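Architecture at a glance
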Amino acid sequence: MNRFRIVGLLCLILGLLPALNAQKLADLKKSGEKYFANAHWQEARQYLSQYQDQKPGDLVVLTKLGIALCQLHQADQGLKYLEYVLKQNPNSTDPELYYNLARALHGKQEYEKAIVYYKSFLRVCGERHPLRASIPDQIRRCLSGLTVTTNETVALVENMGDRINTEGDEYAPVASVNHADRIYFAAAKPGCTGGLRNDAGLEDEDAGHWCADMFVGELKPSGWELAAPLGSLLNTARHEAPLGFNENGYILYYFRGFTLYSGEILNDTAGRKDEYAVQSPKFKSSMRPEEGDGSPYFFNDTIMLFASRRPGGQGGLDLYLSILRDSIWSAPENLGPAVNSAYDETTPFLARDGRSLYFSSNNTSGIGGLDVYKAVFDDAKQAWQTPVNMGLPINSPGDDAFFRLASDGSTGIFASDRLDSYGKRDLYIAYFKDIQSEQTIEHQPIIYAKVGKTGQGSGAQTAVQTTETVQIPSLGYDSDRDISSGDNLKAIEQIATTALKYPSTNFCITVHTDETGPARFDLYNGIKRAEIVGKMLSERGVAPERMILRSCGAAYPRARNVLDAAPNPAGQKLNRRIDIVPISADGTLPFEFKALQPEVPELMVAGAAQYFDEHTKGLFYKLEVAVTRQILNNEALSMFSDLMIESKSGSGSYRYTAGLFSQFAKASVLRTELLKQGFTDVQVVAYLNGIRISKPEAVGLIKKYPDLASFIKG
């Protein structure tokens, strides 16, 4: 070949190289963005990383790469990319950047930093962003995270390891009834039956996902090992997930559907009659799995608990109960507002005692998405006690669900997508320091509406009830440091013990002081002191939502601050007090309560404290004049001599209220006068024994408290 032609050909090739390289880069970016859009995070990271290596500095690519890494639970690496992008563009208006920064920091339990980015997301996202409505709840969960405590009954929580867990999604663990070393679970991961499919069940390599198959895991001397999938007759191109066994362990109930939210429940047996069956028979019950009912738990072959969004619930997913009578499952009954909330309650588990209910909820008293809670049914009151958050390390800022105790009560298994998981959700095991007693008590036949009648045979047994007397002393202080020292600390420990023993009882923490300066500062210092006590109780396992905080300032002295026209140091000291009182809306307690107050010499007695104690019992009304997050430095409020601040432990929100009225009409008159004077946000609020009640709650109380009719109309 002519050397001039060779030189020309080389020049042509060299000239094409930049274009070929540019095309390769464009293909890498296009592929990465396609996988990113379809939430195929591993592939998105692979292509976007290659693009970044060859053409570094593209902020859009770096943002997507950081998000993909966070989705793959590599939060530290993902944060480096996202924080770099924000540093390069501090005025960014990209809501996805702020949202994923917040989610990653939330997952790392850096709650205060996460709150900052959640708020930045709200600032730039626009009113119609689909995630906007969820952010206030995420901020509340971060605030809960700041006060979350460690569950002292748990020795440790351990990932079941990479022989069970993968980069895919492992969930719905069910322990074998007949083999203590065996579990069944669902996993959606590469290699599952059916390949990648969309929600319509069609093969879709681009936007499809792996549908879950059912697997068996076994505990070997070296740890948990994957034994095998359950086989082609049970695992299909759709999602399959184990739900539970009948009491003798011979029937496996499982879910099948093209999505996780709609399908059918089937039962597979080991009986010879089904040996050659191609299709497992359907499980016939009062559930509607094709409409979204799910997560059933089967107890004693006669009770079924499950989650549903059916109308008439408290909101979101609620837990329902159905009972097998004469071979027919009864109409489902909602477990009620003690268990269910406006948020989701799901994946129930009822312990062997038939009274201890574990479930997951994403209400805002938790720290993550779904947290595991425990509620106990009180036989004496025939009601569910307030659910208790299971705390760290069982719960995390991720979704923690499918919790079930082992048959011997020494461990619990559950699924979580916390940051140290291998992929999406992983299976974890919780080891308890002591055997959980609810698994050691053989169940009795139970119908919660008639739970008191649980005797053996035809005769009902009546439990012998004993009433404990609980004495709680008033806490004294000279400074904030005194609150958590000496006798006060002993009293806090005693109160925490009582609260944990009686989880259905709430507590009101009321701080009083002597006159030290402008009333607004006495008042605000008081609520901050109440927060100190609330935090101490939270650290000892008392749920923040069980504590009402109040500050009365110097409005209700127990002793005279001035005696014979001179300061009275002894009386001032008696007025610096913190009263912690158990409360309930109906005025009943599961124990006898006695408040221990220091004796006040007759000459020093001030009647204001007695007036306060008497007028905060039963039904009363107050005026709410302002709601703030900091001190209200408003001179106009000096007109009130009985101003009070109320708060919920951990909320950081302060409600300024005034007055104590036994009748709505009297409170309404003062409200009208205040509106004329320029107060714009004044409202009358109602209380029962110190607990604020809403108008919907008041409707059910009108018969007992007729005056509430005016409150509801007003």
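Residues numbered from 1 in each chain as written. Predicted model: local features only at pLDDT ≥ 70, side-chain atom pairs only at ≥ 80, totals over all residues. Heavy atoms only, no water.

**Notes on the packing of aromatic side chains**
The cut-off we apply is this: Note on aromatic pairs: the rings of Phe, Tyr and Trp (six-membered ring only in Trp) are paired at centre separations within 6.5 Å, and the planes decide the class, stacked below 30 degrees, edge-to-face beyond 60, tilted for the rest. The way it works is that DSSP assigns letters per residue, a run of H or I at least four long becomes a helix, a run of E at least two long becomes a strand, and they are numbered from the N terminus. Residue burial is assigned from relative accessible area. The probe radius is 1.4 Å, only protein chains are included, and a residue is buried under 20% of its type maximum, exposed over 50%, and partly exposed in between. We count a charge as sitting over a ring when the NZ of a lysine or the CZ of an arginine lies within 6 Å of the ring centre and within 35 degrees of the ring normal.
Throughout the structure, instances matching the rule amount to 26 aromatic pairs. Ring geometry for Tyr524 and Tyr654: centres 5.6 Å apart, planes at 85°, overall edge-to-face. Of the two residues, Tyr524 is situated in helix H9 (residues 519–539) and Tyr654 in strand E34 (residues 654–661); the sequence distance between them amounts to 130 residues. Residues Tyr524 and Tyr654 agree in their burial class; the two are buried. With centroids separated by 6.2 Å and ring planes inclined at 70°, the aromatic side chains of Phe664 and Phe711 adopt a geometry described as edge-to-face. Here Phe664, found in helix H12 (residues 664–676), pairs with Phe711, found in helix H14 (residues 708–713); they are 47 residues apart in sequence, far enough to count as distant. Of the residues examined, Phe664 reaches a relative accessible area of 9% and is grouped as buried. Given the relative accessible area of 4%, Phe711 is considered buried. Here Lys189 stacks its cationic end above the ring of Phe215, 4.5 Å away from the centre of that ring.

**Here's the deal with the confidence of the model for the protein chain**
Selection criterion: Per residue, pLDDT measures the predictor's confidence, with a range of 0 to 100. Note on definitions: a residue-residue contact is assigned when non-hydrogen atoms from the two residues lie within 4.5 Å.
Summary statistics for the protein chain give a mean pLDDT of 88 and a share of 92% for residues scoring 70 or more. Low pLDDT, under 50, characterises residues 271–276; the predicted model gives this stretch one contact beyond four residues in sequence or across chains. Below pLDDT 50 for its whole length, residues 449–465 participates in 16 contacts with residues either more than four positions away or in separate chains.

**Points about the sheet that holds strand E1 (residues 154–159)**
Quick note on the threshold: Two strands qualify as a pair provided that DSSP identifies no fewer than 2 bridges between them. For helices, the fitted line uses only the C-alpha atoms of the stretch in contact; every axis is such a line through C-alpha atoms, and the angle between N-to-C directions lies from 0 to 180 degrees.
Taken in spatial order, the four strands make up an open sheet running E1-E23-E22-E21, and their pairing is antiparallel. Only two strands of the sheet have a single partner each, and these edge strands are E1 and strand E21 (400–405). Across the sheet, the mean angle separating the axes of adjacent strands is 20° when strand polarity is ignored. Here strand E22 (residues 411–416) pairs with strand E23 (residues 426–432) via six bridges, running antiparallel. Pairing of Thr411 across the sheet is with Tyr431, part of E23.

**Some details on the sheet that holds strand E10 (residues 262–269)**
Taken in spatial order, the three strands of this open sheet run E8-E9-E10, and their pairing is antiparallel. Among the strands making up the open sheet, the edge pair consists of strand E8 (239–245) and E10. Neighbour-to-neighbour, the strand axes of the sheet open up by a mean angle of 25°, direction not taken into account. Bridge analysis of strand E9 (residues 251–259) against E10 gives seven bridges, and the strand direction is antiparallel.

**Brief notes about the pairing of strand E32 (residues 619–628)**
Counting buried residues along E32, nine of its 10 residues qualify, which places the element largely inside the surrounding structure. Pairing analysis gives six bridges linking E32 to strand E35 (residues 683–688), with the strands arranged antiparallel. Note on E35: the bridge partner recorded for Tyr621 is Ala686.

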